[in-house]
Amino acid sequence: MVRERFSERLNQFLDDDRWMILQDSYKPEENLKYESLFCLTNGYLGTRGSYEEGTTRSIPCTYVNGVFDKSETFMRELANLPNWLGIKLYVEKELVGIENCEILSFARALNMKKACLVKQYHLRDRKGRETLVEGVRFVSRADVHRMAVKLYVTPLNYSGIIEIENIIDGSVINFCDAPRFKVKHIYLTANEALGEKGAYLEAATRDNHLHVGCGARVEVKGTKTVLFHDFGEQAVEFLDFDAAEGKTYEVVKYVSIYTEREKCKEEIKEAISRTVQEFAAEGFTKEFEKHTQVYEKLWNQADIKIQGDEKLDQAVRFNIFHLMSTASDFDDRVNIGAKLLHGEEYGGHAFWDTELFMMPFFAYVFPEKARNLENYRYHLLDAARANARKNGFCGAQYPWESADDGTEQCPDWTIEPDGTCYRCYVAVYEHHVTAAVAYGIANYVKITGDVGFLYGRGAEILMETARFWASRLQYVEEKDRYEIRQVTGPDEWHEPVDNNLYTNYLARWNLRYCLELARVMRETCPDKYQALVEKIQIAEEELNAWKQVQGKIYLPRKEGTPLLEQFEGYFDLQEVVIEKYDENDWPIKPEALKTVERQSTQIIKQADVVMLLHLLGEEFDEETTKLNYSFYEKRTLHGSSLSPSIYAIMGLKVGDSSKAYRYLRRAALLDLIDLQGNTREGIHAANAGGVWQTVIFGFAGVSIEDEVLHIHPNLPKEWEGLNFRIHHRGTSLEVAISADGSVELTVLEGEEITVCVNGEMRKARR
Ligand code: BGC
């Protein structure tokens, strides 16, 4: 039991094991991984799980969603903002810290239920003084501008003065451990006391001069001295107190952050000062209670219970925790980065990952957050239009990587660890994100029934993306067909190719969806249709042209068979297949790849044709799905975390449930056991969404057909039951599935609905 690792005092911050992720020893080489795993976010900001006293190996990051900067780097990335965590305790100048004392006992744990990080360690310094340091931190979801740390400090075998430094550190940089990428995105604009108590640091981003303020104050009963020090890039509040052997002292740090995104520059300090003062007056406990109440509501919607499979149950919850914690409750000008707010990789940029991997979770569980994500794309529609024009196309082309202004943020160049620079062509050729944005809207509307969005902002995006595809497809006269040449599909190991099947299919889908949308709008809401036509100047001739184009798009496949060809010429590549699997059943890189270039073989990075089967399943019959799944499964090395969950879902579709279960385990544990070796760079957000999809779409068999919710479970033999909640068009539904596949439905809110369960129509009641 995780609870047993901690003292009674911390009991209020602990829960049963289903909710706890335990770190039971301190190994510096694991610091960066745990910083990602234990990162706390509240939809507004994220702070990695670094230690308050600092450690040698650490990438301490605090990001506020939407605060990007470029400076000397290749792209606009989330700027690492002042580190508010710092608390250093000293006894006679000796730091009471995890790295300079002997560790007599150690435990840290993430409590996912209450969204807090708990720690307890017993340290002995060089002079034999022993101190017990226990603590908890949280970033409030009740008021996203409040965060706090509470430490319980007990001198176990000595009495003396304990000195404390409460630090806000503005010296932080991005990529502090990667010499070639290091960059400082902020400069200080203020370093001063926060009124009578506390420290205040203000900084601005270097390109846009966007101001960010951070204020912090520490409270300890019996404090003798409080001083403010301006130490260059650190704002430090100093305190001390007399500590008596065996007595426990509470050290509470109250913190607030505001940026110019919420307040005008002149008001930032005032807002912070007020927040910190009120927070300290109300106390840690009150805010923590409010925070946990918000989490209780969130979990009430989002939790999945897998009975009989504890490890997986916890791992699935871990993925949901980070995904739901990062999405903003109110801001529709921010998206969700590929590594959430948990690490530096990909600079906080949004990819197709959002629409195709994360969006279904939000649309089913938190529809209002899904709508925010849709609105984000709408706000950046003009930028997508400009991007299309810049690249010589019509309509709107969404950037492969998107930050705050909608311009392409995928770098043109990148530097390898050995110092070599290479030109990165991803943004030039990987265009399928534009279809993903369109698909995301259609899917969001299918799940939520939000036709208000569809017939307004949604239609505008959809039509503009269809326009893009119509201009991107080129007519090849001698073959009398439309093609997309020089393009990269989801499999980035073949770059560029001609006629990537996935891209061509999705382009066709986008055009067809819009033709149908125009028809329906014309009939059912002619005023809205007229407004759309006027706004984006779409004439009947243009729609007629789309009709022509969509009917002649080239979709490569093996002549006379249902075997789909990933791209034109794929079958001519050297046939290398995966033959060996490791002890975790994971594909081992084929020997052949030691001598031949990956690009010249059929080995692929991630689900590509199989991703297509997943998204547009209704376009393929069973035989086609089965054949292609097994063909491409033998050729997919899962070089991207976006791959295993899709293979799990499709594995179930084709009746291969044991493999699907193994894929799900792989995906769910990916970060927890650092399977890709890069969890230090952040949590794999798309994978987290994919895990949710695997459980809900795969094993629970949830789908929507003709506006009716279907549930057709296929639980693995390891599970004794599965419980979850979803929304279906305004109705909140509790679903309980038993091991034998029987399903119980309860309507929690909204109208009673008819659901098709295992092929039979059933009324779900309150
Ligand atoms: C994958 C992309 C993905 C990106 C961000 C890449 O490795 O190939 O499909 O969008 O990571 O997660």
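The text that follows walks through the structure, step by step, so that each part is easy to find. (Residues numbered from 1 in each chain as written. Predicted model: local features only at pLDDT ≥ 70, side-chain atom pairs only at ≥ 80, totals over all residues. Heavy atoms only, no water.)

### Some points on the sheet that holds strand β12 (residues 146-155)
Test applied: Strand pairing is assigned whenever DSSP detects at least two bridges linking the two strands. Helix numbering and strand numbering both begin at the N terminus, where a helix is a DSSP run of H or I of at least 4 residues and a strand a DSSP run of E of at least 2. Only the contacting stretch of a helix is used when fitting its axis, a line to C-alpha atoms as for every element, and angles between N-to-C directions run 0 to 180 degrees. Contacts between residues were defined by any pair of non-hydrogen atoms, one from each residue, lying within 4.5 Å.
The strand order across the open sheet formed by nine strands is β1-β9-β10-β11-β12-β19-β16-β15-β14, and the pairing between neighbours is antiparallel. Of all strands in the sheet, those with a lone pairing partner are β1 (20-23) and β14 (186-193), marking the two edges. Here the strands of the sheet are splayed against their neighbours by 15° on average, with no regard to which way each runs. In the sheet, strand β16 (residues 211-220) pairs with strand β19 (residues 249-259) via nine bridges, with the strands oriented antiparallel. Residue Ala 216 lies in a different strand from β19, and its bridge partner there is Val 255. Its contacts with the sheet put helix α3 (residues 284-302) on β10 (116-124), β11 (130-139), β12 and β19, and the angle it makes with β11 is roughly 45°.

### Points about the sheet that holds strand β13 (residues 160-169)
The strand order across the open sheet built from five strands is β8-β7-β13-β18-β17, with neighbouring strands paired in antiparallel fashion. If you trace the sheet from one side to the other, it starts and ends with β8 (94-95) and β17 (223-231), each paired once. Where strand β7 (residues 87-91) lies against β13, five bridges are found, and the strand directions are antiparallel. The residue of β13 that forms the bridge with Ile 87 is Asn 166.

### Thoughts on the packing of aromatic side chains
Let me state the cut-off plainly: Aromatic rings from Phe, Tyr and Trp, taking only the six-membered ring of Trp, are treated as a pair when their centres fall within 6.5 Å; an angle between ring planes under 30 degrees marks them as stacked, one over 60 as edge-to-face, and anything in between as tilted. Here's how the labels work: a residue is buried when its accessible area is under 20% of the maximum for its type, exposed when over 50%, partly exposed in between, all with a 1.4 Å probe on protein chains only.
All told, the structure shown has 44 aromatic pairs when counted by the stated rule. Residues Trp 352 and Tyr 502 carry aromatic rings whose centres are separated by 6.1 Å and whose planes lie at 75° to one another, so their mutual orientation is edge-to-face. One end of the pair, Trp 352, is in helix α5 (residues 352-365); the other, Tyr 502, is in helix α11 (residues 501-524), and 150 residues separate them in sequence. One exposure class covers both Trp 352 and Tyr 502, and it is buried. The interplanar angle of 80° and the centroid separation of 5.9 Å between the aromatic rings of Trp 586 and Tyr 663 together place this pair among those described as edge-to-face.

### Quick word on the site of the ligand
Inclusion rule: By convention in these notes, a residue is near a molecule or strand provided one of its non-hydrogen atoms lies within 4 Å of it. Pairing of N or O atoms within 3.5 Å defines a polar contact, subject to two protein rules: one partner must be a possible hydrogen donor and the other a possible acceptor, and residues neighboring in sequence count only if both atoms are side-chain atoms. In these tables, accessible area is a Shrake-Rupley quantity obtained with a 1.4 Å probe, and a residue counts as shielded only by the protein chains included in the view. Nonpolar residues are Ala, Val, Leu, Ile, Met, Phe, Trp, Tyr, Cys and Pro. Charged residues are Asp, Glu, Lys and Arg, and all others, Gly as well, are polar.
By nearness alone, every residue bordering the ligand is listed as Ala 338, Tyr 346, Phe 351, Trp 352, Asp 353, Trp 400, Glu 492, Lys 605, Gln 606, Ser 640 and Leu 642. Interatomic distance of 2.6 Å between a side-chain N/O atom of Asp 353 and an oxygen atom of the ligand. Within the side chain of Lys 605, a nitrogen or oxygen atom sits 2.9 Å from an oxygen atom of the ligand. Isolated, the ligand exposes 310 Å² of accessible area, and the fraction of that covered by the protein chains is 91%. A class-by-class count of the residues in the shell around the ligand yields six nonpolar, two polar and three charged.

### So, the pairing of β12
When you tally the buried positions in β12, you get ten out of ten residues, the bulk of the element. Side-chain alternation along β12 places Arg 146, Ala 148, Lys 150, Tyr 152 and Thr 154 on one buried face and Met 147, Val 149, Leu 151, Val 153 and Pro 155 on a second face that is also buried. Alignment of β11 against β12, held across nine bridges, turns out to be antiparallel. Looking at the pairing, Thr 131 lines up with Pro 155 of β12. The hairpin formed by β11 and β12 contains six residues between the paired strands. Note that β12 and β19 share eight bridges and pair antiparallel. Directly across from Lys 150, in β19, lies its bridge partner Val 252.

### Considerations on unusual backbone geometry
Phi is mostly negative for residues that are not glycine, and the peptide bonds are mostly trans. In this model, Glu 495 is joined to Pro 496 through a cis peptide bond whose omega is -15°. Note that Pro 496 resides in the loop between β24 (481-483) and α11. Here Lys 93, not a glycine, exhibits a phi torsion of approximately 70°, which is positive. Of note, Lys 93 is situated in the loop between β7 and β8. A relative accessible area of 77% places Lys 93 in the exposed class. Here Asn 758, not a glycine, exhibits a phi torsion of approximately 45°, which is positive. By secondary structure assignment, the location of Asn 758 is in the loop between β30 (753-757) and β31 (760-764).

Purely geometric numbers; function is a separate question.
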